[in-house]
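# Residue-level structural notes
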Amino acid sequence: MNRAFMLTVVVSNQAHLASGIQSSLQSTAGVTISVQDVNEPPVFPVNPKTIRFEEGVPAGTTLTVFSAQDPDHFIHQIVRIKPLFLFCLYMQ
């Protein structure tokens, strides 16, 4: 998202100008400020995450909780977490 802001800057002379100068005591300038927001991806604070548990844990037990943070605080987005694959390593 890009945003542009218009700013008018005014400078003025507090003392009277020298005699014979036909000019205003102030001058203005227009300034355009462009703010470019880059959409950064969400990040996991702990990556990779290692989970250890004893065998025999009942089905349905919560093993861990994942959380992600979106650095774009001013863009209200929903962060969705979904597993891409599940890799199981069996130790003998």
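Keep in mind the model is a prediction, meaning the values are calculated, not measured. (Residues numbered from 1 in each chain as written. Predicted model: local features only at pLDDT ≥ 70, side-chain atom pairs only at ≥ 80, totals over all residues. Heavy atoms only, no water.)

## Concerning the overall build of the protein
Regarding its fold elements, the protein presents zero helices and two strands. A buried classification covers 2% of the 92 residues belonging to the protein. A fraction of 49% describes how many contacts in the protein between residues 6 or more apart in sequence connect residues 24 or more apart. Surface exposure of the protein reaches about 9300 Å², of which carbon and sulfur atoms provide 57%. (Helix = DSSP H or I, 4+ residues; strand = E, 2+ residues; numbered from the N terminus. Buried < 20%, exposed > 50% of the residue type's maximum accessible area, 1.4 Å probe, protein only. Contact = heavy atoms within 4.5 Å. Areas by Shrake-Rupley, 256 points an atom, 1.4 Å probe, with all protein chains shown as cover.)

## Observations concerning the UniProt feature "domain: Cadherin" (unreviewed entry) in the protein
In the numbering used here, UniProt assigns the "domain: Cadherin" (unreviewed entry) feature to residues 5-44. Between the end C-alpha atoms of residues 5-44 the distance is 34 Å, and the span holds 0% helix and 48% strand. (UniProt positions renumbered as here; feature names shortened; annotations may be inferred.)

## So, the environment of lysine 49
Counting through the fold element by element, lysine 49 comes out in the segment after β2 (26-36). Exposure remark for lysine 49: the relative accessible area of 34% places this residue in the partly exposed category. Sequence spacing of lysine 49 and phenylalanine 66 is 17 residues, and the spatial spacing of their C-alpha atoms is 8.9 Å. Among the polar contacts made by the side chain of lysine 49, one reaches the side chain of threonine 64 at a distance of 2.9 Å. A polar atom in the side chain of lysine 49 sits 2.5 Å from the backbone oxygen of valine 65. (Polar contact = N/O pair within 3.5 Å; in protein donor to acceptor, adjacent residues only side chain to side chain.)

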